[in-house]
Amino acid sequence: MLTLTIDGKEIGAHEGMTVLEAARSVGIQIPTLCHHEALTSYGACRLCSVEVTQRGRTKLVVSCLFPVAQGLEVQTNSARVRNLRSGILELLLARCPGSEELQSLATTLGIKQGEFGFAQDSGKCILCGLCVRACQEIAEKSVLSFAGRGIDRRVATPFYKPSDDCITCRACAFICPTRAIRFEGGKLMLPD
Amino acid sequence: MITSIRSTVRLGSPLQLEALRESIVQKNDPSKCVIVICAGTGCLAAGAADVIRAFKEELKSKNLEDRVDVKETGCPGFCERGPLVVLRPRNIFYQQVTPQDIPEIIAESVIQDKIIDRLLFCDPRDNRTIIHEEEVPFYEKQTRIILGNNEEVDPTSIEDYIAIGGYSSLAKVLFEMTPQEVIDEIKRSKLRGRGGGGFPTGVKWDTCRNAHGSTKYIICNADEGDPGAFMDRAILEGNPHSVLEGMIIGAYAVGSNEGYFYVRNEYPLAVENARIAVERAEELGLLGDDILGSDFSFHVKINRGGGAFVCGESTSLMASLEGKVGEPRAKYIHTVERGLWDCPSTLNNVETWANVPIILKNGADWYCDIGTEESKGTKIFSLVGKINNTGLVEVPMGTRLEDIIFNIGGGIPNGKMFKAVQTGGPSGGCIPSSMLHLPVDFDELGKVGSMMGSGGMIVMDEDTCMVDVAKYFVNFLEGESCGKCVPCREGLKRMGQILAAITEGRGRETDIITLERLSVVLKEGALCALGQTAANPVMSTLQYFRDEYEVHIKEKRCPAGVCRALIRYEIITDKCVGCGLCVKACPSEAIVSMGKKEPVVMDESKCIKCGACFDVCRMDAVDKE
Amino acid sequence: MNRQMEIDLTKIDPVIDKYQGDRGLLISLLQDIQEVYNYLPEEALLKVSEALDIPKSQVFSVATFFKAFSLEPRGQHLVTVCLGTACHVRGGQRMVEKLERDLDIKAGETTEDFSFTLETVNCLGCCALGPVLVVDGKYESRVDSAKLDQIIKRYR
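Residues numbered from 1 in each chain as written. Chains lettered and ligands numbered in written order. Predicted model: local features only at pLDDT ≥ 70, side-chain atom pairs only at ≥ 80, totals over all residues. Heavy atoms only, no water.

1. A closer look at the overall build of chain C
Inference 1: Scanning chain C from N- to C-terminus turns up eight helices and four strands.
Inference 2: Reading chain C from its N terminus to its C terminus gives the helix and strand order α-α-α-α-α-β-α-α-β-β-β-α.
Inference 3: Considering only C-alpha atoms, chain C reaches an extent of 50 × 35 × 25 Å along its principal axes.
Inference 4: Residues classed as buried in chain C amount to 59% of the 156 residues present.
Inference 5: Look at the contacts in chain C between residues 6 or more apart in sequence, and 60% of them connect residues 24 or more apart.
Inference 6: Of the roughly 6900 Å² of accessible surface on chain C, a fraction of 47% belongs to carbon and sulfur atoms.
Inference 7: Side chains of chain C give 19 positive and 24 negative charges; the mean places of these two sets differ by 8 Å. (Helix = DSSP H or I, 4+ residues; strand = E, 2+ residues; numbered from the N terminus. Buried < 20%, exposed > 50% of the residue type's maximum accessible area, 1.4 Å probe, protein only. Contact = heavy atoms within 4.5 Å. Areas by Shrake-Rupley, 256 points an atom, 1.4 Å probe, with all protein chains shown as cover. Lys, Arg positive; Asp, Glu negative; His and termini not counted. Charge placed at Lys NZ, Arg CZ, Asp CG, Glu CD.)

Spelled out as structure tokens, the structure:
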């Protein structure tokens, strides 16, 4: 058992917990996109970033992966955190301007849209990887993976062909935060 | 020194190693003529293979094979002047040698004692010709404790390495020092990682030694990805045993029995020479089980990269070693605790490993005498771009930028003005002429918006557009981003679009502010160092060359004459003699001949601004503005 | 062209044996396979997945992540132009553009008759000699438009 401070509030936590888990255990909300309790944390969207101070040094980390420590001080809503959160959502909105879920999240967090312009309209997929991890860890089929790299990264089945290994459990469609991956007529439809 | 022995007897003790060394040295005749030729990738690209072949053929035809040896060595660093040939024992230094020169060299300088003037290095600053290698200003002003050995060894010969004292540090470590004593000595030397991070090596090894787990890994990061940097290539190609010896010592220190070389796919010669080194060391019992008869074992494998700059980042590299894509992960738990296959791992850069045997040989005190208070030893820099003496420069830490660029580098070619030097690769920044007095070490350049990084130094002159440079680095990183995290993947894409617009005359007044905001998102939010430092080239060029950005945006003009959309080519009718070279060169038929010896005419609407006419014209009759 | 008939999978048996099921060496294994076929055929990747017990999706991920690999057949001659910073500053990009015009393909593509594949690479480490390009493993230094014409002619 150890104690840390989140937004000025002292709370208890167990060794091995992440800051996100500790925050949620006392009802402190931190927004996430690529995180799900049932899956291993990935740390890709960076939306759950918080400011931590440890041994006199302050830095930004992702709360879904950062381990709690005795005496850790966490700020979940400082100006620096809000600034980063805003930047991340704006980038995602520039990527997927048509996504209702992203727009709604922006409204909830009080973030203005469209600041970064030059939208490339990549449909709805935000490359959070939840579908890939669900297929690996829940269905245990590993049908899905990321192909390519950088801005060309995409969720794919091997060779973009329908996979015989897919058992149509639909875990991927269920867990997708933006409805980018889905099933139509019983067939898996990869994000555009 | 030439070693004609090929030993295959396993060495079972330090005494046997010493005995082998003695026998190699004794068989060497220091007065024998040896022709030393650089066979590094750079010189090979400049035709060294033909030079080597020509020497061997000529010696054969003159029946001199018994009296004259040919030694192919690694890169000594004077790449601008290759192919490089040194005639020992007199150390006559010939540069830019071609196969056609060989008969003359043999006849005049080998059989007789004459010097061939035209092959000597001539210092452009005072027109002085230099005869002996040690007097070449480029080398003389350096402190070549690492690179200097490249010329003493044929990288495929373990005997050469043993002859110059190789593996004696390993013997000392295995039989006279405890692992903790080795770590303490490296700590005392204050050796810091040479790959860019500058982390204290001794501390890293100490943490790894104390980390939980019986299986530990040693890794050599030879994924030198910074464009323009080739120090590690020269070391690994030219003296692979020095790196291997360092790794075995490190393995002993941390308690590891297994290691990896991770070499860029784009360095096939380094991969091959490392492979040969591993094979020979195993044959001689200097690697593998029970090294030198001790009870310490260490095995090493060589992995190649797949063309991904991000794999130079330690967690990415380890993912790639596990057969996965090169995706970094958060380093909240350090790789020295949980790294490759979740085991404690010590990853160090090629140059760092190469420093280890010499520190143990000469002692931490000797090492600390070189360099500055916090940055000890030497650093090898690759000096490239608009510079007279392109090549590798090894100097004590703390040497000033201007000394490296002007004294050793010979300044800017063609009488052009220095504009900036990019240091630290895509993670670094540009340093303008006002800062040339700064000393180069781990800390000084960081204070002005750049960093020393792995040692790449790209010199730029008045004809370089700094906005184009920023765009180049952003485009590079866009292509190399793994794509996992939002700030890097999306942020770099946006930055690239904005910079493209600026260089094409579509820049907007708000662009600079947007670039600054994006750079904060990258710095604060990106997952790994690639993303976190990705905005540095943009920010540093904005810091020192903001006016160039503003001219591009407000006036739609490129002062340096680089940005294609903002320049135009024009025929200067008075200077044109109608030779027609440009007509032939033009890919879009924009230039039309008006008859023999009549000035040509250009249809600008067809001009694609490729610059071919500008390149071929010998009359200076094409203007670029 | 019926590619199916052309892929002789037995050719890579010795390669797969050499790596003895060491999953960590997947990238090296794929490089050796690419040397056999001059690209990575789908059938070969499926065989690797089975032989090393690695999910097909992971093999596909790795094959598409690393720029060294091509999943499309490549030309007889591989022309790789260096676009490292030093070569860029010396006009490397213009060399790429000229080759794109002369070969009528974009970087990353192969000519219709499969004679040439044009690729770019980020720094070969020969910065003193830029612009540099490599054709079939042979390095060409200090390249300009005229030299490029000669080089292409030599390989046509």
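2. A look at the overall build of chain B
Inference 1: When its secondary structure is counted, chain B shows 23 helices and 19 strands.
Inference 2: What you see for chain B is a C-alpha radius of gyration of 27 Å, in line with the 25 Å of a compact globule of 625 residues.
Inference 3: A burial count over chain B gives 62% of its 625 residues as buried.
Inference 4: Long-range pairs, those at least 24 residues apart, make up 71% of the contacts in chain B with a sequence separation of at least 6. (Rg over C-alpha atoms; globule rule 2.2 N^0.38 Å.)

3. As for empty space enclosed by the protein
Vacant regions in the atomic arrangement are exposed by a probe of water-molecule size rolled over the atoms.
All names here are of chain B.
Inference 1: Applying the stated criterion across every chain, the model contains 11 cavities of 30 Å³ or more.
Inference 2: Approximately 110 Å³ is the volume attributed to the largest cavity.
Inference 3: Among the residues forming the lining of the largest cavity, the class breakdown is 11 nonpolar, one polar and three charged.
Inference 4: Lining the second largest cavity are 13 residues; nearest its centre among them are Cys576, Cys579, Cys582, Cys617 and Ala621.
Inference 5: Class assignment for the residues of the lining of the second largest cavity results in 11 nonpolar, two polar and no charged. (1 Å grid on protein atoms, 1.4 Å probe; cavity = no way out; pocket = protein on both sides within 12 Å on 5 of 7 lines; lining within 4 Å. Points joined across faces, edges and corners; volume = space filled by probe spheres on them. Nonpolar A, V, L, I, M, F, W, Y, C, P; charged D, E, K, R; others polar.)

4. Here's the deal with the nonpolar core
Inference 1: Core analysis: the largest hydrophobic core is formed by 134 residues, its most contacted members being Tyr167, Val243, Phe261 and Phe298 of chain B.
Inference 2: No other element matches helix H11 (residues 240-254) of chain B, which puts nine residues into this core.
Inference 3: If we skip the residues at most four places from it in the chain, Tyr167 of chain B touches Leu17, Ile158, Tyr161, Ile162, His241, Leu244, Glu245, Ile248, Ala281 and Leu286 of chain B.
Inference 4: Among the nonpolar cores identified, the runner-up in size contains 121 residues, and Cys96 of chain A, Leu347 and Leu492 of chain B together with Ile33 of chain C belong to it. (Core = buried A, V, L, I, M, F, W, Y, C linked by side-chain atoms within 4.5 Å.)

5. A closer look at the sheet that holds strand E8 (residues 258-263) of chain B
Residues and elements named next belong to chain B.
Inference 1: Across the sheet, which stays open at both edges, the four strands sit in the order E9-E8-E7-E10 with parallel pairing between neighbours. Both outer strands of the open sheet, strand E9 (299-304) and strand E10 (345-349), are each paired with one neighbouring strand and no more. Direction aside, the axes of adjacent strands within the sheet are offset by 20 degrees on average.
Inference 2: Of the strand pairs in this sheet, E8 and E9 are connected by six bridges, and their pairing is parallel. Bridge pairing links Phe261 to Ile302 in E9.
Inference 3: Packed on one face of the sheet, H11 meets strand E7 (217-222), E8, E9 and E10 and runs near 150 degrees to E7. (Pairing = 2+ DSSP bridges. Axes fitted to C-alpha atoms, helices over the stretch in contact; angles between N-to-C directions.)

6. Regarding the packing of helix H18 (residues 486-503) of chain B against helix H19 (residues 511-525) of chain B
Residue and element names in this part refer to chain B.
Inference 1: Across the interface, H18 lies against H19 with an axial gap of 10 Å and an inter-helix angle of 160 degrees. Relative to H19, the element H18 lies roughly antiparallel. Our pair here, H18 against H19, has a crossing hand that is left-handed. Contacts between H18 and H19 pair Pro487, Cys488, Gly491, Leu492, Arg494, Met495, Ile498, Leu499 and Ile502 from the former with Asp511, Thr514, Leu515, Leu518, Ser519, Val521, Leu522 and Gly525 from the latter.
Inference 2: Tallied by class, residues from the contact of H18 with H19 come to 11 nonpolar, four polar and two charged. (Parallel < 35°, antiparallel > 145°, perpendicular 65-115°, else oblique. Left-handed = near helix turned anticlockwise from the far one by under 90°.)

7. Observations regarding the pattern of salt bridges
All names here are of chain B.
Inference 1: Applying the stated criterion to the full structure yields 74 salt bridges over all chains.
Inference 2: Measuring nitrogen to oxygen at the nearest pair gives 2.7 Å for the salt bridge that ties Arg506 to Glu504.
Inference 3: For Arg506, a relative accessible area of 48% corresponds to the partly exposed category.
Inference 4: Given the relative accessible area of 41%, Glu504 is considered partly exposed.
Inference 5: The closest approach of N and O atoms between Glu604 and Arg568, which form a salt bridge, is 2.9 Å. On the criterion of sequence distance, the pair formed by Glu604 in the loop between strand E18 (601-602) and helix H23 (612-616) and Arg568 in the loop between helix H21 (536-555) and strand E16 (569-571) is long-range, its members being 36 residues apart.
Inference 6: Overall, the relative accessible area of 40% leaves Glu604 in the partly exposed class. (Salt bridge = Lys/Arg side-chain N within 4 Å of Asp/Glu carboxyl O.)

8. Regarding the side chain of Thr390 of chain B
Inference 1: Here Thr390 of chain B is to be found in the loop between strand E11 (378-385) and strand E12 (391-396).
Inference 2: Taking the relative accessible area as the measure of exposure, Thr390 of chain B reaches 0% and is therefore buried.
Inference 3: Polar contacts involving the side chain of Thr390 of chain B include one to the side chain of Glu80 of chain B, which spans 2.5 Å.
Inference 4: Once residues within four sequence positions are removed from consideration, Thr390 of chain B is found in contact with Gly77, Phe78, Cys79, Glu80, Leu383 and Val384 of chain B together with Arg90, Cys127 and Ala128 of chain C. (Polar contact = N/O pair within 3.5 Å; in protein donor to acceptor, adjacent residues only side chain to side chain.)

9. Some remarks on helix H4 (residues 102-111) of chain B
All names here are of chain B.
Inference 1: The complete set of buried residues in H4 reads Ile102, Ile105, Ile106, Ser109 and Val110. Burial along H4 is one-sided: seen end-on, the buried residues are contained in an arc of 120 degrees.
Inference 2: Of the surrounding secondary structure, the elements contacted by the buried residues of H4 are strand E1 (33-38), helix H3 (48-61), strand E2 (68-73), strand E3 (85-88) and strand E4 (92-94). (Arc of directions from axis to C-beta.)

10. A closer look at the packing of helix H7 (residues 92-103) of chain C against helix H8 (residues 145-155) of chain C
Residue and element names in this part refer to chain C.
Inference 1: Two elements in contact, H7 and H8, have axes whose closest approach is 11 Å; the angle formed by their N-to-C orientations is 40 degrees. What the angle tells us is that H7 and H8 run oblique. The element H7 and its partner H8 pack so that their crossing is right-handed. Mapping the contact onto sequence places Met95, Lys98, Leu99, Asp102 and Leu103 in H7 and Ser145, Leu148, Asp149 and Ile152 in H8.
Inference 2: Classifying every residue of the contact of H7 with H8 by side-chain character gives five nonpolar, one polar and three charged.

11. Some details on the pairing of strand E2 (residues 116-121) of chain C
All names here are of chain C.
Inference 1: For E2, a buried count of five out of six residues is recorded, marking the element as mostly surrounded by other parts of the structure.
Inference 2: Alignment of strand E1 (residues 77-82) against E2, held across six bridges, turns out to be parallel. Note on E2: the bridge partner recorded for Val81 is Thr120.

12. As for helix H13 (residues 314-321) of chain B
Inference 1: Extensive coverage of H13 of chain B is indicated by the burial of eight of its eight residues.
Inference 2: Turning to H13 of chain B, its buried residues number three or more, namely Ser314, Thr315, Ser316, Leu317, Met318, Ala319, Ser320 and Leu321 of chain B.
Inference 3: Packed against the buried residues of H13 of chain B are E7, E8, E9 and E10 of chain B together with helix H3 (26-37) of chain C.
Inference 4: Of the residues one or two after H13 of chain B, Gly323 of chain B is the one with positive phi, at around 80 degrees.

13. Focus: the sheet that holds strand E13 (residues 418-423) of chain B
All names here are of chain B.
Inference 1: The strand order E12-E11-E15-E13-E14 describes an open sheet built from five strands, whose pairing is mixed. On the outer flanks of this sheet lie E12 and strand E14 (429-432), each paired with one strand and no other. Averaged over neighbouring strand pairs, the angle between their axes works out to 30 degrees when direction is ignored.
Inference 2: One ladder, built from six bridges, connects E11 with E12; its direction is antiparallel. Within E12, the residue paired with Ser382 across the bridge is Leu392.
Inference 3: Against the sheet, helix H10 (residues 231-238) touches E11, E12 and strand E15 (456-461), its axis set at about 115 degrees to E11.

14. A few points about the environment of Val136 of chain B
Residue and element names in this part refer to chain B.
Inference 1: Summarising the element assignment, Val136 is placed in the loop between strand E6 (128-130) and helix H5 (137-140).
Inference 2: In this structure Val136 comes out as buried when scored by relative accessible area, which is 0%.
Inference 3: With residues near it in sequence (within four places) discarded, Val136 still touches Phe78, Phe93, Phe121 and Ile130.

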